[in-house]
Amino acid sequence: MNGSADIVKETSADVPCCVEGPADFVPKAQYALQMLLIPLGINPVWCARASIAEGGIYYGNEPAGLAPAVLQLPLAPATPQYFETKTRYDTSGVHWQEAADERFPVLFGGPEPDTFDYVASAFFWLSGWQEYTIQNRDRHGRFSWADSMQAVLDTVYTPVVDCYRAVLRRQLLQHGIPVRERTWAGKTWAFCPTHDIDYIWKWRPGMVYREVVEYGLLNRRHVGVGARVKRLGAFIADALKPGDIFRQSLDRMIDEVHKRGGKATYFFKTGAHGPHDVYYAPSNGYLRRTLKRLAQLGFEVGLHPSYYAHTHPDYMQEEKAALADITSQPLVSVRQHYLRYTYPHTMRLQEAAGFTVDSTLGFSDHEGFRHGTCHPFLRYDILKNKSTTVWEVPLCFMDGTLFNYRNMGFEEALAAAQTLILTCKKHGGVCVGLWHNMLWDEMDFPGWGAHFEQTLDFVVKEQGEITTLQDVCQE
């Protein structure tokens, strides 16, 4: 059997899979192979080589004696040794492959395509191995694109794991193993608009002090008198308007997604333990009304933990309990404040708190694919050498990354989002975008609201399912 006739749209099929290698490496290989196969509608059933005599998948370095019907995935003998050393990867060992108009790196195996090791290479990206071996972090303790292999190899826009899966898909069909095309509520790809609600009002006392004292009197922006006077006038005019632009933006974000027939995920805070947190009380009337409206529309509510919660043993559980007290929804999704994520502490705290979905893992300083994929994948605890129960739905781009870190103009930022969207569509995955509720604040964030609206319109045009993080994981 071969070709499109073997692409089925049914439930996952059990396929016998044999993985052979050193004992410490086998769990890594099984995890990576499972993550590669799940989006193809295949559930690997681990077994000994005797059980694949009639067909199945073999990954190891002793393929002698296997039947031709068995798909043989090569394991280079030196590969397990690399993962024992826990050293930084030497990019001189990269082999490049071109397929389906994409050029992508394969990290392990020999120099010829039939010796490429896609399984070990997928494990490297999905597990976050490079972040385990590269120690540099920015001032917020985050792993940066600037220090990544994506920067060295110029692959931040390439979901390399999904490229491996595309090669594997063809090999499976050639060996008579049907694959199932993943769909998202019947559509071939999905888009998740997500929103971190760091504030529920703009003109709080600290912001007024900033405008009047720091910007107006002390000239912290280092501009001329005319610019200072103009800014002060704009502040007064904005502050005197009825309502608050951050609340108006939050309400409008809900409207914009709903009127396009979609749903979104909103991350709210219930804790503040440092200078990078702004507290808003769970008892706030506006907050409670918003949570009620989100529930009525079928939108998702998740937790946006405080700045230090990513490593604190109690904050995450306490803040989750506080949010659970004021919402009728189950809390399964989480995104860390400032995208702070420390291996392995954060994933363990999330798992202990009962979260099953995270969407923190994008680069703060660059848009793109931090773990080489646009498909949900289980987080892997490298020190325990096993996967967790937390699914990562990787973040593709963030408003602050495009407009602030990258200093893009409107057209460039829109083009970046659209390029990533089309890549996720091509690989049948999920594109996650992040916007904060400062949209349509043209005084401080010009063009951000239009970027959100036009991105949603582009998703509709490209026929993506606009939905929540929780829903894509349930799919």
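For the structure itself, look to the data block above.
Owing to the predicted nature of the structure, the values given are computational and were not obtained by experimental measurement. (Residues numbered from 1 in each chain as written. Predicted model: local features only at pLDDT ≥ 70, side-chain atom pairs only at ≥ 80, totals over all residues. Heavy atoms only, no water.)

**Student:** How should I be thinking about the pairing of strand E10 (residues 265-268) in this particular structure?
**Tutor:** Looking down a regular strand, the side chains alternate between one sheet face and the other. Here E10 shows no split at all, with Thr 265 and Phe 267 on one side and Tyr 266 and Phe 268 on the other all buried. Of the pairings in the sheet, the one linking strand E9 (residues 190-197) to E10 comprises four bridges and is parallel in character. Note that in E10 the partner of Thr 194 across the bridge is Thr 265. In this sheet, strand E11 (residues 300-303) lies alongside E10 in parallel orientation, the contact comprising four bridges. What sits directly across from Thr 265, in E11, is Glu 300. (Buried < 20%, exposed > 50% of the residue type's maximum accessible area, 1.4 Å probe, protein only. Helix = DSSP H or I, 4+ residues; strand = E, 2+ residues; numbered from the N terminus. Pairing = 2+ DSSP bridges.)

**Student:** What should I look at first to understand the environment of Pro 275 in this one?
**Tutor:** Relative to the helices and strands, Pro 275 resides in the loop between E10 and helix H10 (285-297). Each C-alpha atom of the pair Pro 275 and Tyr 307 lies 8.5 Å from the other, and the pair is 32 residues apart in sequence.

**Student:** Is there a simple way to explain the pairing of strand E17 (residues 430-436) in this structure?
**Tutor:** For E17, the buried fraction is high: seven of the seven residues fall into the buried class. Across the two faces of E17 the burial is the same, with Val 430, Val 432, Leu 434 and His 436 and Cys 431, Gly 433 and Trp 435 all buried. As paired strands, E9 and E17 are joined by seven bridges and run parallel to one another. Bridge pairing in E17 places Asp 196 opposite His 436. In the sheet, strand E16 (residues 397-398) pairs with E17 via two bridges, with the strands oriented parallel. Residue pairing for E17: Phe 397 is matched across the bridge by Gly 433.

**Student:** Quick question: what am I supposed to make of the pattern of salt bridges here?
**Tutor:** Pairing between side chains of opposite charge can happen when their charged atoms approach one another. Summed over all chains, the structure comprises 29 salt bridges. Close ionic contact of Arg 103 with Glu 98 constitutes a salt bridge, the shortest N to O distance being 4.0 Å. Since its relative accessible area comes to 45%, Arg 103 is described here as partly exposed. Among the salt bridges present, the one from Lys 426 reaches Glu 102, with a minimum N-O distance of 3.4 Å. On the criterion of sequence distance, the pair formed by Lys 426 in helix H14 (residues 410-426) and Glu 102 in strand E7 (residues 102-106) is long-range, its members being 324 residues apart. Relative accessible area serves as the criterion here: at 14%, Glu 102 is assigned to the buried category. A cluster of three or more residues bridged by salt bridges with shared partners is formed by Lys 202, Arg 210, Glu 211, Arg 231, Asp 441 and Asp 444. (Salt bridge = Lys/Arg side-chain N within 4 Å of Asp/Glu carboxyl O.)

**Student:** Mind showing me how you'd approach the sheet that holds strand E3 (residues 42-46) here?
**Tutor:** Where strands meet in a sheet, backbone hydrogen bonds hold them as pairs that are either parallel or antiparallel. As summarised here, the arrangement of the four strands in space is E3-E2-E4-E5, forming an open sheet in which the pairing is parallel. Edge positions in the open sheet fall to E3 and strand E5 (70-74), since each of these has one partner strand only. The mean angle between the axes of side-by-side strands here comes to 30°, regardless of whether they run parallel or antiparallel. Pairing analysis gives three bridges linking strand E2 (residues 13-19) to strand E4 (residues 56-60), with the strands arranged parallel. Of the residues in E4, the one forming a bridge with Cys 17 is Ile 57. (Axes fitted to C-alpha atoms, helices over the stretch in contact; angles between N-to-C directions.)

**Student:** Looking at this structure, how should I read helix H12 (residues 345-352)?
**Tutor:** Given 3.6 residues per turn, any residue in an α-helix points the same way as the ones three and four places further on. Of the residues making up H12, those classed as buried are Thr 346, Met 347, Leu 349 and Gln 350. Each buried residue of H12 lies within a common arc of 165° when the element is viewed along its axis, so the set occupies one face. Structurally, H12 contributes buried residues whose contacts are with helix H11 (315-324), strand E12 (333-334), strand E13 (357-358), strand E14 (377-381) and strand E15 (386-392). (Arc of directions from axis to C-beta. Contact = heavy atoms within 4.5 Å.)

**Student:** What is the right way to look at the side chain of Gln 336 in this model?
**Tutor:** Along the chain, Gln 336 turns up in the loop between E12 and H12. The exposure class assigned to Gln 336 is buried, which follows from its relative accessible area of 1%. Ignoring sequence-local partners within four residues, the contact set of Gln 336 consists of His 304, Pro 305, Ala 309, His 310, Met 316, Tyr 341, Thr 346, Gln 350 and Thr 360.

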